[in-house]
Structures are given as C-alpha cells and as structure tokens.
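Analysis of the macromolecular model
Spelled out from the first residue to the last, the chains are:
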Amino acid sequence: MSRPNPYFNPKPYIPATLSEINDLLGSMILYAPTFVDPLGDFPNRNIDSEFHTLTGGFEGVRKKLGEERYASLMDLAVRAKALFAADQDDTNGKTDEGRALLFEMEDVLKDVRNRRVREELPDDEGEVSGD
Amino acid sequence: MTLEQSFPGLRNSPGGVVVAVADNLFDLTGPADAMTAEVLQNQTRQLSAQIKAIDPAWHYDEIVPTDALGNRIETIQGLTAKVNDLRFQRAAVTARVSGDYGSLQVETLRFVQRNADTAYDQGVALLKAGRLAPKLSDQEALGNYVDRQVRRSLRERYHQSGIDSGGAGPVRVNRRENNSSGGDLTYRRPDARVDDVAFDVTLTRKTLSTPQVRGFFDADFRPIRVVIIRPRQLGAGHTYAIPRPETKR
C-alpha cells in the first residue's frame, strides 16, 4: 500500500467566511443543476459535494448567522438540492426554482454582512468588511 | 517556467507599459491535431518525472475508469485535465520545496484564465436565457459571477495542493493587502496574490492609471507586476501584465 501523497489534500475546501460562501453560491448559480466542472479540474464535483460544501460553510459561520438565519439557510439548501436533483437534465423548470432559492440565500448573506458592517463587527483580519 | 519566460521582455519593459499575454500560452489556439492522446501521455510522463526529481516522495493518485476487460478508458479531455493537474502540482511542489513561486504564478494565471473563459460563456448563456435576473446591469452581474466562480475554484485548487490561501503566506485569494506607507493604514484586495504578483479578474480594461491597480502596487508586498485577466472572448489583448513603474530618482 502506497503512502499518502504529501502534496495532495483529498478533503474538500469548506468556505470559511461569509464572502467565501457568497463566492461558492455564485459558482453554484452558474453550474446548476449538475454542478459538474466543465474543465475537469475537479472530477469529483457534483450535486452532493456542492451541497456538502455549502452546508459545511453555513455550519462554520453559524454564530455569525444566528440560529434563525442558519436554520433558514439550511432549509433553503435542502429544498434547492431536491429541486436540482429532480431536474438533472435541466428540462422541467425545477432548476430555475432551485436557482431562485440560491438567490434567496445570497439575500440572507447580504443582510447578515450589511448588519455586521452597521454594527462595526470585525472580520478575522480585524477589518469591518461584513465578514 | 517563470512569468518572465512566459512573457519575454517583461523584465526590461519600461514602467507602465502593458505587455499582452499570447493566447497560445494557455493552449487555446494550438493546432487541434497536436492535442493527441500520445502527445498528452508524453507530457504527463515528463511532468511526473520532473516532479519526482524535485521530491522523490511525490506520487500521483488517480482513479482511471476501465472497460469490462479492465483496459483504461482515457479521453482527450481527461488527459488534458491530467496535464493541467500535473502542471499545477509541479508548481506547488516547487514552491514548497524550494520557495520559488515563479511556476505557481504561471499556473495560477493559466488556471484563472481557463476558469474565467468558461464562467463567462456560462454566464452569457444564462443571461441571454433570462435565468439570472440580475439586480445590477447585465455586464456588472456577469463580471460578478465570473469573479466569484474563479475565486471559489482557485481556493479549492490551492487547498487541494496543500496551499493555504487564507492565511498570512505568500499565496492568498481575495485577502487584505495593507499599505502602511502613509499616515493611515489603507489596503486593497486583489483577487489573488502569488508572492510578488497580483492578479485581478475583470471584464473592464484597467491600466496603471486605474486607482485599484495603483493601490496594488502601493501595497506592502510590493508586487513587481499586476496581471489583468479578462475572458478571452473579449478579444485580442484580453489578458496582460502591468509591470511595476520605475521610481524616478
């Protein structure tokens, strides 16, 4: 059995900040409903890995979101995933319904970030950026 | 290969001159018949040998699909992805073993360009189909989606190579770069930074007179150049490097 490759990290990257989650949502909006990477750089990327990454990101910023928003985002994620799963060929309209839920998630994150700026709460670099 | 080797003349170019990046650097315009499986296989062997020479502990983990008889099924797309992956791994191993970030700068540029091009096409298609419902103008929304997709994938790519792009190291994605030279601390956030090069993904043309670009040059990490990466669909000269302007004595 070969030793693990010291230069390869098999674990998925989980977004660590609100803005990184926002970046992930932008990527998901583009590549719904399958989320397959057209370039082949990430051959394991699919609907399951994407929603695992997204909900992992929500978990990581749970305190910043607050319990109510966290629960709302997790619920939106479950519903969006079900819609995309039911329209993998992008033919029955459910992809657009799922994408609308991703837009809702963007709005929730935007609200949280705006509130953090208003309240002058610092990010991990000590800057008031909304993160 | 360093950025200087990739962009001949960069080192001696006068301050502020914009140096265009040739399209074929990204393997976009090479002859299709050269992209045969054999050429790609040879490249993967060469790259693997080069990485092994840098660090004998390195090895390549891959799962290749096989047919009913156990023969490997390798497509041109799969081999191309493998070459790109090995190039990135070679750059990452070089950076970690020798502290030389030149190759990683080149591979970052190639990676970002490919992702920006693909995201642009996808964004345009969705906008035309009325499936993005942007709150901004179409152009702003498109640029925003391209930026976000590129940053997201770049973080993942670095992470996969064991590079922390969110810390205080020389490789960073969308992190604060301070300028402590004036009275008040100011900062800029390049989409990416690899050692002494800043990368900006954008749809609009930017020059040394753009405040954001000047801000990058003023940052404490003193970049030697700012690379402006625009989707190739925007035409000739879409991507270019702006060298640090010479300081008058």
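As the structure is a computational prediction, the values presented were derived from the model and not from experiment.

**Focus: the overall build of chain A**
The number of helices and strands found in chain A is five helices and zero strands. For chain A, the N- to C-terminal ordering of α and β elements is α-α-α-α-α. In terms of overall dimensions, chain A has C-alpha extents of about 45 × 45 × 25 Å along its principal axes. Sorting the 131 residues of chain A into buried and exposed places 30% on the buried side. Counted over contacts in chain A with a minimum sequence separation of 6, partners at least 24 positions apart contribute 58%.

**Points about the overall build of chain B**
Scanning chain B from terminus to terminus reveals six helices and eight strands. For chain B, the sequential pattern of α-helices and β-strands runs α-β-α-α-α-α-β-β-β-β-β-α-β-β. For chain B, with 249 residues in total, the buried portion stands at 37%.

**What about unusual backbone geometry?**
Glycine aside, negative phi is the norm for most residues, and most peptide bonds take the trans geometry. All names here are of chain A. Geometrically, the link from Ala32 to Pro33 is a cis peptide bond, its omega value of 5 degrees lying close to zero. Within the fold, Pro33 resides in the loop between helix H1 (18-31) and helix H2 (47-60). The backbone of Asp90 shows a phi angle near 55 degrees, a positive value even though the residue is not glycine. With a phi close to 55 degrees, Glu120 is a non-glycine residue in the positive phi region.

**Overview of the pairing of strand E7 (residues 225-229) of chain B**
Residues and elements named next belong to chain B. A large share of E7 lies buried, amounting to five of its five residues. Residues Arg225, Val227 and Ile229 of E7 are buried on one face, and the alternating residues Val226 and Ile228, pointing to the opposite face, are buried as well. Pairing between strand E6 (residues 197-201) and E7: five bridges, direction parallel. From the neighbouring strand, Phe199 faces E7, where its bridge partner is Val227. Examined bridge by bridge, E7 and strand E8 (residues 240-243) share four bridges and lie antiparallel to one another. For Val226, the partnering residue across the bridge sits in E8 and is Ile242.

**A closer look at the packing of helix H4 (residues 102-128) of chain B against helix H5 (residues 138-160) of chain B**
All names here are of chain B. Closest axis-to-axis distance for the H4/H5 pair is 9 Å, and the angle between their directions is 140 degrees. One element, H4, and the other, H5, form an angle in the oblique class. Where H4 crosses over H5, the two elements pack in a sense that is right-handed. Residue-level contacts link Phe111, Val112, Asn115, Ala116, Ala119, Tyr120, Gly123, Val124 and Leu127 of H4 to Asp138, Leu142, Tyr145, Val146, Gln149, Val150, Ser153, Leu154 and Arg157 of H5. Taken together, the residues of the contact of H4 with H5 sort by class into twelve nonpolar, four polar and two charged.

**Describing the nonpolar core**
All names here are of chain B. Counting residues in hydrophobic clusters, the biggest one holds 62 residues, and the most contacted among them are Ala92, Val112, Ala116, Val146, Phe199, Val227 and Ile229. Residue contributions to this core peak at nine residues, all from H4. Looking at which domains feed residues into this core, each of domain 1 (3-25 + 101-243) and domain 2 (35-100) supplies at least three. The residues contacting Ile229, other than those within four sequence positions of it, are Leu109, Val112, Gln113, Ala116, Phe199, Asp200, Val201 and Thr239.

**Details of the interface of chain A and chain B**
Each side of the interface is counted separately: chain A has 26 residues, and chain B has 36 residues. Only H1 and helix H5 (94-118) of chain A provide two or more residues apiece to the side of chain A that touches chain B. The biggest single contributor to the side of chain A that touches chain B is H1 of chain A, with nine residues. Of the residues belonging to the side of chain A that touches chain B, the class tally is twelve nonpolar, seven polar and seven charged.

**Side note on the domain arrangement of chain B**
All names here are of chain B. What the domain assignment lists for chain B is domain 1 (3-25 + 101-243) and domain 2 (35-100). Each partner contributes residues to the interface: domain 1 has ten residues there, and domain 2 has nine residues. Sorting elements by how many residues they give to the side of domain 1 that touches domain 2 places H4 first, with five residues.

**Digging into H5 of chain B**
Residues and elements named next belong to chain B. Look at H5: 33 Å from first C-alpha to last across 23 residues, which is about the 33 Å you get at 1.5 Å a residue. The element H5 is extensively covered by neighbouring structure, given that 17 of its 23 residues are classed as buried. Looking one or two residues past H5, Gly162 carries a phi angle of roughly 75 degrees, positive in sign.

Reading the values: the criteria
- Residues numbered from 1 in each chain as written.
- Chains lettered and ligands numbered in written order.
- Predicted model: local features only at pLDDT ≥ 70, side-chain atom pairs only at ≥ 80, totals over all residues.
- Helix = DSSP H or I, 4+ residues; strand = E, 2+ residues; numbered from the N terminus.
- Buried ≥ 20, exposed ≤ 12 C-beta atoms within 10 Å, placed from the backbone.
- Contact = placed C-beta atoms within 7 Å.
- Pairing = 2+ DSSP bridges.
- Axes fitted to C-alpha atoms, helices over the stretch in contact; angles between N-to-C directions.
- Parallel < 35°, antiparallel > 145°, perpendicular 65-115°, else oblique.
- Left-handed = near helix turned anticlockwise from the far one by under 90°.
- Nonpolar A, V, L, I, M, F, W, Y, C, P; charged D, E, K, R; others polar.
- Core = buried A, V, L, I, M, F, W, Y, C linked by C-beta atoms within 7 Å.
- Domains from an automatic or database assignment.
- Expected span 1.5 Å × (residues − 1).

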